[in-house]
Amino acid sequence: PDTFDDEAYANSLREELYRQLYIAINALPLQQRRVIELSIQGKSGKEIAAILGISIHTVKAHKQKAMDNLRQSTDSDLLTFLILYLTSL
């Protein structure tokens, strides 16, 4: 169709944001990437620490560094919002 409804646009935008997010996540150093991926899966800091065999303080440090790297690697305010939203789940 010639028209592009709001829902289709939102879905398209969401897909593009996820694509960009995962490209940026895959470019992170291994431990940062693992912490972010586990955060996105809904794991708590304590759970991530147990899974990775590191302290909660190290989890927090990796998460903060990862967030800084993701913010620097993106130029989209929407992508930054999506990253913050997903890691706060």
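Provided above is the structure to which this section pertains.
Residues numbered from 1 in each chain as written. Predicted model: local features only at pLDDT ≥ 70, side-chain atom pairs only at ≥ 80, totals over all residues. Heavy atoms only, no water.

Next up on the list: the nonpolar core. Ranked by size, the top nonpolar core spans nine residues in total: Leu21, Ala24, Ile25, Leu28, Ile36, Ile40, Ala66, Met67 and Leu70. When contributions to this core are tallied by element, the ones reaching two or more residues are α1 (6–26), α2 (30–40) and α4 (56–73). Once residues within four sequence positions are removed from consideration, Ala66 is found in contact with Leu28, Gln32 and Ile36. Ranked by size, the runner-up nonpolar core spans six residues in total, among them Val35, Leu38, Ala49 and Leu52. (Core = buried A, V, L, I, M, F, W, Y, C linked by side-chain atoms within 4.5 Å. Buried < 20%, exposed > 50% of the residue type's maximum accessible area, 1.4 Å probe, protein only. Helix = DSSP H or I, 4+ residues; strand = E, 2+ residues; numbered from the N terminus. Contact = heavy atoms within 4.5 Å.)

Any two side chains of opposite charge can pair, given that their charged atoms come close. As enumerated under the stated definition, the model contains two salt bridges in all. Here Arg19 ties to Glu16 by a salt bridge, and the two come within 2.7 Å at their closest N and O atoms. Placement of both Arg19 and Glu16 in helix α1 is noted, with a separation of three residues, approximately one turn of the helix. The partly exposed category is assigned to Glu16, whose relative accessible area is 29%. (Salt bridge = Lys/Arg side-chain N within 4 Å of Asp/Glu carboxyl O.)

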